[in-house]
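Topology and contacts: notes
What follows is each chain in one-letter form.
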Amino acid sequence: MRDRPTGLDEDQLTAALFQGWDMRVESAKYLPVGAGSYHWSVTDQNGIVRFVKVDDLRAGEASPRDFCNGLRQSLTTALSLHRDAGLGFVVTAIPATDGTLLRRLTPRYALSVFPLVDGTAGEFGPHRRDELGEMVAVLADLHGATPVVAHLASRTDLRLPGRKRLRGALRSLDHPWTGGPHAEPARKLLIRHQARVRRWLADFDRLVDVTRTTVPGWVVTHGEPHPGNVMHTSDGMRLIDWTTVQIAPPERDLWMLTAAFTNMIGTDALDVDDDVLAGYAEATGRTVRPAGIALYHRWWVLADVAAFTDDLRRPHGDGEDAAAALAYLTGYLETATD
């Protein structure tokens, strides 16, 4: 997120860190990284650096209360994976002094605190060939920990987030959008590609019907194990950002290691799908289903199209985030080959 959160200043952040985590802040640097949340690097009076995350509870379809409860559930699940399942690669939130992992900062925002991992951060994109073996092993261990957190983790309902609003946008293409400077370009983009989006939605529904038959084999998944959520350390990979942790088909994670993902983002595939999926099957005894891979490819694209469209229909200014939303929406719709 390039733009800072509206209606929140760093004095509020500093006060909340002191009240919740007993942190006496010496300096706080805003980090324009990631998507969907706001981040700071915060140094306390002892020179200890923490990674601080603020979530906008109005950003999703759920009510702020339900959104907050969902975040808390995700953080609790991740902590159990690290502590109870012994998965050292799970980077978890630091509990506040009262043991909570998430605190309401304001009625709109929620705050969590993480350790600063000593390592090299990856970037959004495909995994390198030389790291795929370790990534498969990490996912196999994660999926194998399902019994430990089955009572804690949320379970996917295979519904597409933002679908209702996306359908509303498709129904409103005959009238000007007045949310801001990028609203009309977004509407005209959707007019040109509405048939494609409708076709994608129909394909998504077909794949959901197939995937519902695989419920007994669902596992705990990270949801977004791309390189941008991986830290490379002297002790191996560390997975960060467990906001999306969920019981779901294993393909929810695995598709990001295949050509479906590399093709989506416009990079050359490594022709390693057979090795990756065979390695996972050998490590876990699970069969990877092509329909599951295809479903989560569709899911990712449609969820982004829905989110960016909704952002651009809402009131917005000429900040970098709105411009980026239009650029990403354009990229999905103009470069698609199916």
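Residues numbered from 1 in each chain as written. Predicted model: local features only at pLDDT ≥ 70, side-chain atom pairs only at ≥ 80, totals over all residues. Heavy atoms only, no water.

Summarising the element assignment, Met135 is placed in helix α3 (residues 132-144). By relative accessible area, which is 0% here, Met135 ends up buried. In sequence terms Met135 and Val230 are 95 residues apart; their C-alpha atoms lie 9.4 Å from each other. (Helix = DSSP H or I, 4+ residues; strand = E, 2+ residues; numbered from the N terminus. Buried < 20%, exposed > 50% of the residue type's maximum accessible area, 1.4 Å probe, protein only.)

The subject of this paragraph is the pairing of strand β8 (residues 230-233). The pairing of strand β6 (residues 120-121) with β8 spans two bridges and is antiparallel. Its bridge partner being in β8, Ala121 is matched across the sheet by Met231. In terms of strand pairing, β8 meets strand β9 (residues 236-239) through four bridges, oriented antiparallel. Looking at the pairing, Thr233 lines up with Gly236 of β9. As consecutive antiparallel partners, β8 and β9 are separated by two residues. (Pairing = 2+ DSSP bridges.)

For the rest of this paragraph, the subject is the pairing of strand β5 (residues 109-115). In terms of residue burial, β5 counts as a mostly covered element, since six of its seven residues are buried. Two elements, strand β3 (residues 49-56) and β5, share seven bridges in a ladder whose sense is antiparallel. Looking at the pairing, Arg50 lines up with Pro115 of β5. Sheet analysis places strand β4 (residues 103-104) next to β5, joined by two bridges and oriented antiparallel. Each residue of the ladder has a partner; that of Arg103, found in β5, is Leu111. If you look at the hairpin formed by β4 and β5, you'll find four residues sitting between the two strands.

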